[in-house]
Amino acid sequence: MNMIEARKNKIKDSLNKTKIKRKSQSAVIIKAKLDSDKLNTSTLRILRRIFLEAKWLYNYIINKEFNNDIFNMDYKVNKVPVYVKDHYEIRDLKYLSSQIKEEIIDRTMDNIKGLSKLKERGYKTGKLKFKKYITSIPLKQYNNTYKIINNNYIKIQGIKQKLKVNGLYNLNILEPANALLINKNNDYYIYITAYKNKYILDKPINKQKMVSVDLGIKNQLTLSNGLIINYGIPKSKREKRIQKRLSKKVKNSNNYYKLKNRLNIEQTKNANKRKDTVNKIVHYLSSNYDIVITQDDNINSWKHLFGKRTESTNMGGIKEALKHKASTFILLDRFLPTTKECSKCHNKYNINLNDRIYKCPNCGFIINRDYNSTLNDLYYGIIKINELLRNKYNKLKRYFNELNLNINVPVEHREFTPVETFTSVPEGINISPYVRISVVDESGSLIALA
């Protein structure tokens, strides 16, 4: 009994330490795709079998014919009854590990508790239904149910082959936690929940490169270094043709579902092209700049005004990806008047949506509207960075005082004073075939008529 209690106390202490550590961290989701061309026949068979066994286990858990008490199930169950046509057959769970089984059972119990709470609040709720397929497998414990070998390979419990993945990087600043193995249209993905430090200062702040990014409709991205990035991947002709045919089919018929499946595959292809383009743009920004600043624009509201133009760009994906791929990402409040404010004298006046040139009535400064916004983003971003630095400095000082340590934080870690922000644009940039790059013209649109 003493050994059991000691083990429980050790787990409890570990959980408490983790909770304290998570307060100073923010969660991010890393989405990586398994390279199907590198998977051997045995691995593909095991992956399919894992998702099939997960379905068998889930349906067994909620089947009252075999389980009257779900909350006292054995996590190490190895055989389950499976309904085949008009009778049950006993099937072996060969590839589901005990931890994965435990997580599937826990997930099911959480769903039941959620339905119970909704029912208590007066909502009409049904019951959990049997599933035809399972699309996600929980990988609860890092270094046990799965392991990241490097930026290119991972290992999953029960699979001998090292799995090559695309999309894992910046792991040196992230702490992986649990993950999900996803099956989407017969392609396999792994979504890893990771944590990063909320605070900056991994190296002297004044040695870090920074850039601000303005998101827009006419020009998708305008950077504070004078670079303009435009891209867009609209619906393919094939997708439009399938949508037209689908609208003429009888809903819920066999032909309707066949076409619906073909449409899903085509939409996934186009969505993957957009994601790939966004990832390449984000990679360019995060690999060339240590600090990236942008405003928290309400991009969802843009869809009501500029539906198709925003649908083909996935601009919201850029903001979300930068949150965990940039070394330091500064997100400014969406209500800051960066468009209305003059970047030279900081006077404010209303400007119409179709006005592409900003003309300050106070100081006479004339500048491209989007470029003016990026300079204001840079101005407010520096203010926010210095505020974060002061807060971190004060926290470190309090921490040192509690330990009776007389340690001073170096001056280069206390305040950010950037050098000149407009830099020469590098030549020969080739981000993606779908991306068009130009420079804010100094004689025309950068500082027009100045």
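Structural notes, computed from the coordinates. These numbers come from a predicted model, not from an experiment.

The rules we used
Each chain carries its own residue numbering, running from 1 in the direction its sequence is written. For this predicted model, a pLDDT threshold of at least 70 governs which residues receive local features, and a threshold of 80 or more governs which side-chain atom pairs are given and counted, while totals over whole chains, interfaces and linings are taken from all residues. Values shown for side chains rest on all heavy atoms present in the structure; no hydrogens or waters enter the calculation. Note on pairing: two strands pair once DSSP finds at least 2 bridges between them. Helical segments are the DSSP runs of H or I of at least four residues, strand segments are the runs of E of at least two, and each set is numbered from the N terminus. Axis definition: a line fitted to C-alpha atoms, over the contacting stretch in the case of helices. Angles run 0 to 180 degrees between N-to-C directions. Note on definitions: a residue-residue contact is assigned when non-hydrogen atoms from the two residues lie within 4.5 Å. Distance thresholds for patches are 9 Å for like charges and 5 Å for nonpolar side chains (Val, Leu, Ile, Met, Phe, Trp, Tyr), applied to residues having over 30% relative accessible area and no salt bridge. Throughout, the Shrake-Rupley method with a 1.4 Å probe supplies accessible areas, and for residues the shown protein chains are the sole cover considered. Salt bridges are counted wherever a side-chain nitrogen of Lys or Arg sits within 4 Å of a carboxyl oxygen of Asp or Glu. Charged residues are defined here as Lys and Arg on the positive side and Asp and Glu on the negative side; His and the ends of the chain fall outside this count. Charge coordinates come from a single atom per side chain, which is NZ of Lys, CZ of Arg, CG of Asp or CD of Glu. Using a 1.4 Å probe on the protein chains alone, a residue whose accessible area is under 20% of its type maximum counts as buried, one over 50% counts as exposed, and one in between counts as partly exposed. Arc, as used here, means the arc of the directions from the helix axis to the C-beta atoms.

Sheet architecture is open: six strands sit in the order E14-E13-E10-E11-E12-E17, paired in mixed fashion. For this open sheet the edge positions go to strand E14 (328–332) and strand E17 (435–439), each flanked by a neighbour on one side alone. Ignoring which end each strand starts from, the neighbouring axes of this sheet average 20° apart. In the sheet, strand E11 (residues 221–223) pairs with strand E12 (residues 227–231) via two bridges, with the strands oriented antiparallel. In the sheet register, Leu221 faces E12, and the bridge partner there is Ile229. Helix H5 (residues 254–288) rests against strand E10 (210–215), E11, E12, strand E13 (291–295) and E17 of the sheet, and its axis sits at about 165° to E12.

Right, let's get into a positive patch on the surface. Together, Arg241, Arg245, Lys249 and Arg262 line one region of the surface with positive charge. With respect to the helices and strands, Arg262 occurs in helix H5.

Bridge analysis of strand E1 (residues 25–34) against strand E9 (residues 187–197) gives nine bridges, and the strand direction is antiparallel. Directly across from Ser26, in E9, lies its bridge partner Lys196. Two strands pair when backbone bridges link them, and E1 and strand E7 (residues 163–166) are joined in this way by two bridges, in the antiparallel orientation. If you follow Lys33 over to E7, its bridge partner there is Asn166.

Next up on the list: the environment of Ile46. Position of Ile46 among the secondary structure elements: in helix H2 (residues 41–61). The sequence separation of Ile46 and Lys94 amounts to 48 residues, and the corresponding C-alpha distance is 9.4 Å. Every residue in contact with Ile46, bar those within four places of it in the chain, is listed here: Tyr95, Gly158 and Ile159.

With that settled, the discussion passes to helix H4 (residues 237–246). Within an α-helix, residues lying three or four positions from one another point in the same direction, as the helix has 3.6 residues per turn. For H4, every residue scored as buried is listed here: Glu239, Ile242 and Leu246. Viewed along the axis of H4, the buried residues span an arc of 65°, placing them on a single side of the element. In H4, the exposed residues that point more than 90 degrees away from the buried face are Lys237 and Lys244. At its buried positions, H4 is contacted by H5.

As a further point, take the pattern of salt bridges. Pairs can form between side chains of opposite charge once their charged atoms are near each other. Applying the stated criterion across every chain yields a total of 11 salt bridges. Put simply, Glu53 and Arg49 hold a salt bridge, and the shortest N to O gap is 2.8 Å. One end of the pair is Glu53 and the other is Arg49, both in helix H2 and four residues apart, which spans about a single turn. Residue Arg49 is classed as partly exposed on the basis of its relative accessible area of 23%. Its salt-bridge partner being Asp296, residue Lys319 comes within 2.9 Å of it at the nearest N-O pair. Pair noted here: Lys319 is in helix H8 (residues 315–325) and Asp296 is in the loop between E13 and helix H6 (299–305), with a separation of 23 residues, a long-range link. Residue Lys319 is classed as buried on the basis of its relative accessible area of 9%. With a relative accessible area of 21%, Asp296 lands in the partly exposed category. Taken together, the shared-partner salt bridges connect Asp296, Lys319 and Arg334 into one network.

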